[in-house]
Amino acid sequence: MKGRPVPIMDLPEIHLRWVAVALAAAILPHVLNLPVWIPLLALAMIAWGWWGLRRRQLPGRLLRFGLVGIATLGVLAEFHTLFGRDAGVALLVLMLGLKILELKGRRDALLALFLAYFVVAGQFFFTQSIPIALAMLLSVLLITGALIGLAGTARPLPARRRLGIAGSLLAQSIPMMILLFVLFPRLPGPLWAMPRDSSAGLTGLSDQMSPGRISDLIQSNAPAFRATFEGLPPPTSQRYWRGPVLDHYDGRSWQRALRLGETAQVTFAEAAGIDYSVTLQPSGQRWLLALDYPGQVPPGAELTPALELVAPRPQHEVRQYRMRSYPDAALDLELSPWSRARHLRLPEDSAPRARELAQAWLLDHDDPAAIVEQALDHFREQPFHYTLRPPLLTGDPVDEFLFESRRGFCEHYASSFTVLMRAAGIPARVVTGYLGGEISPLADYLLVRQSDAHAWSEVWLEGRGWVRIDPTAAIAPERIEQGVSAALGEDSGLPAFVRASYGASWLNRASMSWDIVNYYWDEWVLAFGPERQRELLERLGLHRLGWTAIALILMAGLAALLGLYVLVYRWRNRPRFSNEIERLLHGLERLLARQGFLRRPGETVTALALRAAKQRPDWQETLHRLVEQLQRARYREDPLDPRTAEALLRELQAKRNPPGAG
């Protein structure tokens, strides 16, 4: 289709090139966040617009309206709405790509570049990682460089000069940004908050567990959270990080049941608890992880009767909270009849062979604790195998695992053990969470990855309450003491980053070094909330001041920075003279300018002085003496006496107001 002729642009081609590159830099990172056809279509529109501008042939108005309609319908078909984070950013990206098709002049170019800033900021709605922040910084640098070019003179600036000015502006903004970031009152919540359309792309524990769910998580090297202990961290075998507690079994998967009217009954031991802080990564779930058993509740969270820490909303941003846990606490020394019945319930037609086995143990033992030991001995004595690649269970998953395949991961052992206990009349449930973690060799924190996900059981015993039983320890005690790599071996299909050999490799050292950077980024930027701000103000000694005083400090700091920038600007742009004569001539010109005598085009300072002398008789003698001295020094190379010239300038300065003036 033939386009319409473009009016003669008032912009050189190099400006159009910069605009196209800047728009493309703003759109390109969204390939990671949006369906790939959206940023690619926007980039294609930019290429089309650039090609049309060079040929001065852009699509007509009807075609542009049609493209806008197609883009809008495409977003509607993709997201089933035009509102929300994903659909809104997608629409913004497409409109930015289409904007170049109607570029007519400087105003349109400026509008497109300002719109590009919003597209860049949209990146933070999806991820706030360091690489994305650096990519955004590069995009902002290019957009600002394009703006500087548009605001410049008719002579285009070279690329190095544009980027230099843009980089200088961004560098000047950093101290102000830090000052505002530290002293501006923080609102509760993360740094950047935006409702999510879905939890797609996030990994973590869910509120149900079926065969293969935990083993899928072990494929992920992504951090789940980081923990910093106030003292020594507990040994690996005690690092059970409590997550969802699953107490409803439907014959194939475990789920959380509603717990109405229940309250947690916790008896804490006299021993001191473990104090630590957790920096939780976004998971799209409501769980807050804590060591068994949590003894306090972070602000804005709640503790369920099963001692789960739950946030009111899914966690889509980095969150930091302090915790104290008591590993030796006793939970629910008394169990209500309703709770007992719920933790004994099994589907009628599920696991018939497991039920028979449990009933046989029940005939042999009166003590529930002895039945628990009998079940663990069963796992130890039978040819069970701990593996990441168990066979697919097509029949009853518990019976097929216990009596046929005998190959499984932690969720298989936790699930079948819990079913055996319920069949034997012992209240039991499944707990999911994480086990272990890696101490950073370069900093004082514990890194827990998604690959550390784990499942175990809890049984209720008279006089002891809920007791943690990890049946995986009966099969692979190395999993508890040394991690999953020690239990499975190098040739078990483990991802490379989980294997024991990876731990001593340079790749792991590099990975842990990079993790430290992410740790501080999460700790001091993404999770910088009211609590962290209060802690920082205490370190700075400002915590005793009220917010009014801090606001005054903030304004004074900003004013001081602005004053400093002005001083630096004037110093960098101060007049520079190659000799004393030029300096004196410049002083004479400034003095005359203050009295209203401005240099005309092509007029020398000497000619200006003579013109002023004609209009100011009281200056004639002094001006002639000064001009004569300067001309002799410049053209006859007579020695110049700077003190005499300065004295003449001061004499003129004293006569600057005409007689009778004022």
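Calculation rules
Residues numbered from 1 in each chain as written. Predicted model: local features only at pLDDT ≥ 70, side-chain atom pairs only at ≥ 80, totals over all residues. Heavy atoms only, no water. Helix = DSSP H or I, 4+ residues; strand = E, 2+ residues; numbered from the N terminus. Areas by Shrake-Rupley, 256 points an atom, 1.4 Å probe, with all protein chains shown as cover. Patch = residues over 30% accessible without salt bridge, like charges linked within 9 Å, V, L, I, M, F, W, Y side chains within 5 Å. Salt bridge = Lys/Arg side-chain N within 4 Å of Asp/Glu carboxyl O. Lys, Arg positive; Asp, Glu negative; His and termini not counted. Charge placed at Lys NZ, Arg CZ, Asp CG, Glu CD. Buried < 20%, exposed > 50% of the residue type's maximum accessible area, 1.4 Å probe, protein only. Phe/Tyr/Trp six-rings, centres within 6.5 Å; stacked < 30°, edge-to-face > 60°. Polar contact = N/O pair within 3.5 Å; in protein donor to acceptor, adjacent residues only side chain to side chain. Contact = heavy atoms within 4.5 Å. Expected span 1.5 Å × (residues − 1). Arc of directions from axis to C-beta.

**Re the overall build of the chain**
Looking only at helices and strands, one finds 24 helices and 22 strands in the chain. Split by element, the accessible area of the chain, about 33200 Å² in all, is 58% carbon and sulfur.

**Side note on a positive patch on the surface**
Together, Arg161, Arg572, Arg574 and Arg576 give the surface a local cluster of positive charge. Structurally, the position occupied by Arg576 is in the loop between helix 20 (547–572) and helix 21 (580–594). A relative accessible area of 54% means that Arg576 is categorised as exposed.

**Topic: the packing of aromatic side chains**
The geometry of two aromatic rings is summed up by the distance between their centres and the angle between their planes. Applying the stated rule across the entire model yields 18 aromatic pairs. Judged by centre distance (4.9 Å) and plane angle (65 degrees), the ring pair of Phe225 and Trp241 falls under edge-to-face. Of this pair, Phe225 sits in strand 4 (residues 223–229) while Trp241 sits in strand 5 (residues 240–246), and the two are 16 residues apart along the sequence. Taken together, the ring pairs connect Phe225, Phe229, Trp241, Tyr276 and Tyr434 into an aromatic cluster.

**Brief notes about the pattern of salt bridges**
With the rule as written, the count across this model stands at 29 salt bridges. Residue Glu102 is joined to Lys99 by a salt bridge in which the shortest nitrogen-to-oxygen separation is 2.8 Å. Between Asp377 and Arg380 there is a salt bridge, with the nearest N and O atoms lying 2.7 Å from each other. Here the residue Asp377 and the residue Arg380 both occupy positions in helix 11 (residues 368–381), the gap between them amounting to three residues, near one helical turn. Residue classification places Asp377 among the partly exposed residues on the basis of a relative accessible area of 26%. Judged by relative accessible area, which is 45%, Arg380 ranks as partly exposed. Residues joined in a network through salt bridges with shared partners are Arg322, Glu523, Glu531, Arg532, Glu535 and Arg539.

**A few points about the side chain of Asp292**
Structurally, Asp292 can be placed in the loop between strand 11 (290–291) and strand 12 (302–303). In terms of polar contacts, Asp292 uses its side chain to reach the side chain of Arg242, at 2.9 Å. At 3.1 Å, the side chain of Asp292 forms a polar contact with the side chain of Arg468. The residues touching Asp292, leaving out its near neighbours within four places in the chain, are Tyr240, Arg242, Ser325, Tyr326, Pro327, Trp456 and Arg468.

**Considering helix 10 (residues 352–364)**
With 13 residues, helix 10 should reach 18 Å at 1.5 Å per residue; the first-to-last C-alpha distance of 19 Å fits that figure. For helix 10, the complete set of buried residues consists of Ala354, Leu357, Ala358 and Trp361. Projected down its long axis, helix 10 carries its buried residues within an arc of 95 degrees, all on one side. Across helix 10 from its buried face, at more than 90 degrees, point the exposed residues Glu356 and Leu363.

This is a description of form; function is not addressed.
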